[in-house]
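# Per-entry structural report
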There are 8 protein chains.
Amino acid sequence: MDEKEVKRLLESFQAGDVDSDHVVQKLRSLPFEDLGFAKVDHHRAIRCGFPEVIYCAGKTVEQVLAIVEARLGGGGNVLATRATDEMLRATKDRFPAADCCSTARTITIRQREPEPSPGTVAIVAAGTSDLPVAEEARVTAEIMDQTTSTFYDVGVAGIHRLLAHSEELQAANVLVVVAGMEGALASVVGGLVDRPVIAVPTSVGYGASFGGLAALLAMLNSCASGVTVVNIDNGFAAGYSAALMNRLAYSPRPE
Amino acid sequence: MDEKEVKRLLESFQAGDVDSDHVVQKLRSLPFEDLGFAKVDHHRAIRCGFPEVIYCAGKTVEQVLAIVEARLGGGGNVLATRATDEMLRATKDRFPAADCCSTARTITIRQREPEPSPGTVAIVAAGTSDLPVAEEARVTAEIMDQTTSTFYDVGVAGIHRLLAHSEELQAANVLVVVAGMEGALASVVGGLVDRPVIAVPTSVGYGASFGGLAALLAMLNSCASGVTVVNIDNGFAAGYSAALMNRLAYSPRPE
Amino acid sequence: MDEKEVKRLLESFQAGDVDSDHVVQKLRSLPFEDLGFAKVDHHRAIRCGFPEVIYCAGKTVEQVLAIVEARLGGGGNVLATRATDEMLRATKDRFPAADCCSTARTITIRQREPEPSPGTVAIVAAGTSDLPVAEEARVTAEIMDQTTSTFYDVGVAGIHRLLAHSEELQAANVLVVVAGMEGALASVVGGLVDRPVIAVPTSVGYGASFGGLAALLAMLNSCASGVTVVNIDNGFAAGYSAALMNRLAYSPRPE
Amino acid sequence: MDEKEVKRLLESFQAGDVDSDHVVQKLRSLPFEDLGFAKVDHHRAIRCGFPEVIYCAGKTVEQVLAIVEARLGGGGNVLATRATDEMLRATKDRFPAADCCSTARTITIRQREPEPSPGTVAIVAAGTSDLPVAEEARVTAEIMDQTTSTFYDVGVAGIHRLLAHSEELQAANVLVVVAGMEGALASVVGGLVDRPVIAVPTSVGYGASFGGLAALLAMLNSCASGVTVVNIDNGFAAGYSAALMNRLAYSPRPE
Amino acid sequence: MDEKEVKRLLESFQAGDVDSDHVVQKLRSLPFEDLGFAKVDHHRAIRCGFPEVIYCAGKTVEQVLAIVEARLGGGGNVLATRATDEMLRATKDRFPAADCCSTARTITIRQREPEPSPGTVAIVAAGTSDLPVAEEARVTAEIMDQTTSTFYDVGVAGIHRLLAHSEELQAANVLVVVAGMEGALASVVGGLVDRPVIAVPTSVGYGASFGGLAALLAMLNSCASGVTVVNIDNGFAAGYSAALMNRLAYSPRPE
Amino acid sequence: MDEKEVKRLLESFQAGDVDSDHVVQKLRSLPFEDLGFAKVDHHRAIRCGFPEVIYCAGKTVEQVLAIVEARLGGGGNVLATRATDEMLRATKDRFPAADCCSTARTITIRQREPEPSPGTVAIVAAGTSDLPVAEEARVTAEIMDQTTSTFYDVGVAGIHRLLAHSEELQAANVLVVVAGMEGALASVVGGLVDRPVIAVPTSVGYGASFGGLAALLAMLNSCASGVTVVNIDNGFAAGYSAALMNRLAYSPRPE
Amino acid sequence: MDEKEVKRLLESFQAGDVDSDHVVQKLRSLPFEDLGFAKVDHHRAIRCGFPEVIYCAGKTVEQVLAIVEARLGGGGNVLATRATDEMLRATKDRFPAADCCSTARTITIRQREPEPSPGTVAIVAAGTSDLPVAEEARVTAEIMDQTTSTFYDVGVAGIHRLLAHSEELQAANVLVVVAGMEGALASVVGGLVDRPVIAVPTSVGYGASFGGLAALLAMLNSCASGVTVVNIDNGFAAGYSAALMNRLAYSPRPE
Amino acid sequence: MDEKEVKRLLESFQAGDVDSDHVVQKLRSLPFEDLGFAKVDHHRAIRCGFPEVIYCAGKTVEQVLAIVEARLGGGGNVLATRATDEMLRATKDRFPAADCCSTARTITIRQREPEPSPGTVAIVAAGTSDLPVAEEARVTAEIMDQTTSTFYDVGVAGIHRLLAHSEELQAANVLVVVAGMEGALASVVGGLVDRPVIAVPTSVGYGASFGGLAALLAMLNSCASGVTVVNIDNGFAAGYSAALMNRLAYSPRPE
């Protein structure tokens, strides 16, 4: 579409309909819609594979509703994260088709038919307190058409609970590992599988976790190979990256 | 092989050759070879897809040579990182087939025929000073049979240098982005492509880079989706993870 | 005025009206008015080009009103930052001429005729959540008679949104770049223009932004030359510095 | 020149010499020369007002010489920072016109006639140990044609030493303030003048200066308005930014 | 009193009233009264020159009242810091003689006749927001019989405001300097006087003050000699130390 | 029990009741009960000597009640920490046998007859504000059948208060030392005794305690030998570890 | 011995040989020998169970030799840690009975007959690079008469290597776990055993290990109960504490 | 002298020898001698009680010698700190009267007759490794005419060693406490005396001392009142401040 537009422009120029100044100027522009306070980028779905997520923190309920509405007009699926209870309610009221998850604090609205991925993304979480982040990852992956499987409350202090699922873990294409405290789960899972592991540190923990810093540093220093890391509590980033990785398996780039 | 061994053991037990105590005991053991100071894990290649890397920092030249030798006996390819000049020389002397890269500070020895991957892993680096880390990533990916392409010295201060390669970047299956200072390159590349981006912060920079902390935090906070992060200066981890990701594209798990 | 006063004092001394002890004592004094809890420095407008801003955080509503009143008596424009909603309302009630911006959390009262600057100060912001800080910078620059232009929601994850404005950015005399998360926008803008860039990190971001530390460090480590940095969320400092810089262009010091 | 090239390209296209595919392709490219390990960007002088500086840290002597040579070919002035003694000597040997400053650790080669700026950039330094950074700022500003004045060893513990220069400081267009330890000099100078102050923290200090962190944080938190900050020990960034600011005063953008 | 008790004990032993085991046991004990949750140490006034302060943070109103009551029984003056509004009210109700300062958040009850010190302790504060800490220092010094003088709102951005008080500052025996943001005031005052300066960093400031860390590090790195530092926001510690220092001037140890 | 189950399984296999595939599969499983959101591990009491504690922070009241109920079904004692007032009340209502300590914020329910340990665990706390953490340690040790003795408000500023208890401290088998601020108490106690000391830093303190970091670092750097450290405010970990250590004294492993 | 001396003193006093002043004075003194630069505390063996270790870092070879000599005169075993190669050689030369371990960098000299403990202290280490710290712990425990067993190179990335030793680990009375990088080994071991685990973080690791901080924080946040932590790289502290703990098992305090 | 000069100037003005412009100009100047790279401030001795110390770190041997020479010309005593061995030797060669202390790394040259203070400054140090810092404090205090007493190797792990000196410590007017590791000594000494205590953290310690940060934070958080803190390893600052404090006792300001 982008290249087509450019060629059409060049044809207009060739036909003498527009001059070269106009062409130079046009070449700099790309499609985005201006809401005044936020540019919604419909083009992004084409360029990057998925619309921008709506990050609700620091926005008003009205801003969230306005962006959701604009995004819906683009025709794709909508995902909003870090929604407050009030945002969840207001969105459900305005858009009854919205799927609002209070654990994950996400809003999703499907406008395109789901095409579930053949391989699976496993979401592994250490403890009960890590569930909001794990669920944010799961919701994100699913709205991006990923088949998911979940393994919750399998922290390393009871390593047998994790090992009981070794085969299922090894069957996944990509694994998201969510853990707070010392974040050791990422290293242990990374040592069990030969697939990419995305580690998500959470801010769960006593004093010296320093808001997730302990788990973050641990995961960055993982002795297991194949582990990459996203920001503290950022389940969305993990789910999104997992979807990009798994798509390699079933939607390879045409050679 | 592992499961076979277990079943053979059970047959011995059924045949009365061994008692149940012996079976219980055996079930706990897995194959690894004990060098006294380091257990070389031949089994890992089967479990995780690639032998453990030899991390040379903090080891003596003699220890490195001994581990390389043990590893060669396992029959797979060998990769050693963070080798000193002395280690590079000593290894080359002892094992003439070794490929020693002084920029990347790596030693590689191929024992298995290369089977270059169909898709490519792009290695993108911001500045000249980031080359050792970028090269460590490249060497790692290549010994794991990845086809690579490199884009060096394309830092964001001259964004046109990067944009000139947009199409080639978009053609890669996985991208490794190496940058020190403010680490902004990862976000910009992440916004250009719809494939997984692995960001590697480097310790390159003036005072307040704090040994790479600035770039690390920047990459973890990337506003671009699809970016995951490895440890500061850890080109190996990036190359290894990139290989795992790209393998999804051409070596999908049998359903 | 200051020098004049001193010379008048010396004349009184020469005339024998005062003795040398009195002169020595007087020479130490400079004009400021004592409110008991805060010394309002009318003299500052002469010495530094603009009255002190009223920093409302940690003050009571009553203290703010009292300082505004004292400042109005000085005859210059008034600017207060970090005002709470209650302060905005109370000030509007007491001083109907006050311009209260709830996004920027600023109060401004014009007492001097505006003289808009010939060159412009561009305010560039990465995301919707960065608006309060960007607006604080804009309000500050404008009360200091700067002509401003704004470019909001042009974060680097969609680099085309920024590049679409390249020419306008290059037309500004000074640029203020406001960004949270990884703060990469400052480096990219810095690479596009040949004018001073003032980077303002914001505290917007997930866990490992550590209250804006990630963006702050990124901006300090910018690979683009010409970028200087102010404190986290300190839109006022950016707007003020931008005004000082742009004044060089149209109000050069007499030789 | 850039726009001209584009128009010439469009004329070729209009003339039928090239097809639209070729135009699209060409529009993505910008001039830079590939040295293999570092892309030298001659174009930058036009876009950003000065060639990229050569940051010598982490480069070999040979790499530095090669980049200097390539840069000289571009015809502009050359500046290299953080040069080791060996680099200084080797450059002086190869390029006798080079001006090598061992205090500032800089290499400069003038190829263009100097056109000294009408206004001055003042370089203010707190102590003797801050001189290398202050001199790096001075050398940078001067190779960019700035007239400079220096005020060294005027730390705040003897405030009279600084105040003795108040008038000269107030006569400068832009001020660079270099200080380690508690970095208080920036605030005091900022309170004395009504021009932009660029603060440079240095790593000079006892234990809890933490490599310049104390001065950096102090400067970012300056209670004086008009102070912006660059990275620890980054005299180059300060000198460069000062030049950009002062250019506003004598080389205003044509309206 | 302590030594007397010991000698009396030895006399009892000599007289055969107690045996040696009893003496050994007794020698270990020192007088303190047990409230169950807090041991009130009346003896401390003798050993250290002033009763323990009551640190109210983390205590209940009831605990505070109980400790105040026990302390009053000891006969000395009472000082409580970090009191909540509720504690201030409840204490005033129960003990009408209490002096409750809502700015300093202190409670003081005088039971001993004041004996004002001959020399003075100067309390110097940078800004209006630093007043609570400055006042805590003042109240503490005064309950310890110090004559105080206060210099508020004399931050370094308007250095003339401070210099106008040079002579008065130089007349003090000890100076407490309270400042947030960049904490530069301590260095400037330290350079003006030849008496001990106690610096108190406050948590006042924008983002990168990191809760007072910026001012703390600045003060520890003061280039002025004679400056010692107490904890962030710890006006009590400063006032207490100032009293100990000034007592040296008028209550020297008998030789 | 575990080994028995395995042997029984092997007997079933030997008897031909199950095939080898089934055995391999079974050997991976271990007993735990799935509540959906949290796996309760009854087996842990056997493997590790005590059931998992219920960490209430970040859980809902309902989740806590459900886990308590499931845990009670396991037959052992129950311990929950970091309970809110609402949780304490709700648990007491539902399970009248529950012992709810509002200082320690713990819930304990005894289902097994207490068998008080012969040796004692001493709990030593520096100040009144450290009591919640000290009490959490005490409650934890007691539900694990430890005999405890407490020494509260014996901070090092009045060293005689601590020394008065020297003999009693030396009589304990294990000592838990709880202190905030500078955490010096751990070193002093560590120097007085020849038994293991477990140090617990608390988040009590003024600004630069940084939420307990000061005490944590101090304790890790203790100059006294025999001191080990747990997380900030983690009284549970200290009490649990103390119990494990003291058990060595009276319940030695059979040789 | 101490108490005896006191009683003898009291007898002298009762006999009138000394006066009460002399007794009071004497009661304050305790036996230590003054070397001028270091007080060697023979008494400590009695009070704390083992002589002070000689911490060699920051001492000269001569100082080390002098302290070793003084310590030998006390009759107990001698342990010195952090010895340089030169110290190891010089000590071996002067005291041929010294046992110098170059991996652990320790010097030990036995003067008392070994009495090996009945229970064992297990030393578990994650990787080859952790050996110096693990060996320091082992040497320390052994000079304190502990029976040790070692499990080296059992990091969590290959969890089966560790699990193969589960029974032996469970047979130990106390476990010392040494790990750098993410320090996950401590949590996994802590989940396998019901005995005290002492975790030792090491400074082994890539960039963001920040000199062992990552492992330290991870261990402090361990989700496994029963884990206490010592300082980074402090094998001595771990070995010493392990000895104190295991002594509880075989040398209980007389009731 | 300063005031006299000013009055003489006013007399010249009154006599018509100079005009008012000249007076205004002169009033800004204060005496200092310009060495080109460092302004030596003879005036400071009058204003602040002691000449500036020469901080040798980061200076060349030649610079140190030149500053020493200039300082000697001022007639006062000279103190240089942080001297390298080469500086010590070179200074001794050039100025045979110099007193060079290799432990303290100081150079002192007396030009004024010593007038030992009546009260004493006690220097207390925790361990042998803290001696360089303690000695720097002692040398500083003594060149400022203080009588000192030293108490070395009295760390809190053997509290009896410190308590044995309680009376001598209580006899001092001011106490400097030098300690690394956990820095607990400052709190314990602070609790024993009723005089000002200056705490000096040192960088002595294992990993998590983080270059003295642990001791610094501990001392800032001291639970003992009357403790103020100087920078890590800054013995000079402690000695200097101690001298200022003790001077209050014998050289009170004339009323």
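Summary of the structure given here. Treat the numbers as computed from the prediction; the structure is a model and nothing was measured.

What counts and what doesn't
- Residues numbered from 1 in each chain as written.
- Chains lettered and ligands numbered in written order.
- Predicted model: local features only at pLDDT ≥ 70, side-chain atom pairs only at ≥ 80, totals over all residues.
- Heavy atoms only, no water.
- Contact = heavy atoms within 4.5 Å.
- Buried area = accessible area lost by both parts, 1.4 Å probe.
- Salt bridge = Lys/Arg side-chain N within 4 Å of Asp/Glu carboxyl O.
- Helix = DSSP H or I, 4+ residues; strand = E, 2+ residues; numbered from the N terminus.
- Buried < 20%, exposed > 50% of the residue type's maximum accessible area, 1.4 Å probe, protein only.
- Least-squares fit on C-alpha atoms with pLDDT ≥ 70 in both.
- Pairing = 2+ DSSP bridges.
- Axes fitted to C-alpha atoms, helices over the stretch in contact; angles between N-to-C directions.

This part is about the interface of chain A and chain B. With 41 residues of chain A at the interface, the matching set in chain B holds 42 residues. Of the roughly 3,500 Å² buried between chain A and chain B, counting both surfaces, carbon and sulfur atoms make up 52%. The tally of links between chain A and chain B comes to 0 salt bridges. If you list the elements that add at least two residues to the side of chain A that touches chain B, you get α3 (44-48), α8 (166-171), α9 (185-192), α10 (213-220), β11 (227-229) and α11 (235-250) of chain A.

A separate point is unusual backbone geometry. A positive phi angle, close to 60 degrees, is found at A:R105, a residue other than glycine. Mapped onto the elements of the fold, A:R105 is located in the loop between β5 (99-101) and β6 (106-109). Under the relative-accessibility criterion, A:R105 is labelled partly exposed at 37%. Non-glycine residue G:F210 carries a positive phi angle of around 45 degrees. Overall, G:F210 belongs to the partly exposed group, its relative accessible area being 27%.

Moving on, we get to the relation of the copies chain D and chain E. With an axial shift of 0.0 Å and an RMSD of 0.1 Å, the rotation relating chain D to chain E amounts to 180 degrees. Those values place the two copies in the arrangement expected of a two-fold rotation axis. No C-alpha of chain D approaches the rotation axis more nearly than that of D:A184, which lies at 2.4 Å. Of all interface residues in chain D, 100% are interface residues in chain E too; the two copies therefore contact each other through one and the same surface.

Residues and elements named next belong to chain D. Read across the open sheet, the 4 strands follow the order β3-β4-β6-β5; overall the sheet is mixed. Sheet topology places β3 (54-55) and β5 (99-101) at the edges, where each strand pairs with a single neighbour. In this sheet, strand β6 (residues 106-109) lies alongside β5 in antiparallel orientation, the contact comprising 3 bridges. Bridge assignment links C101 to a residue of β6, and that residue is T106. Across the sheet, helix α5 (residues 85-94) is in contact with β5 and β6; its angle to β6 comes to roughly 20 degrees.

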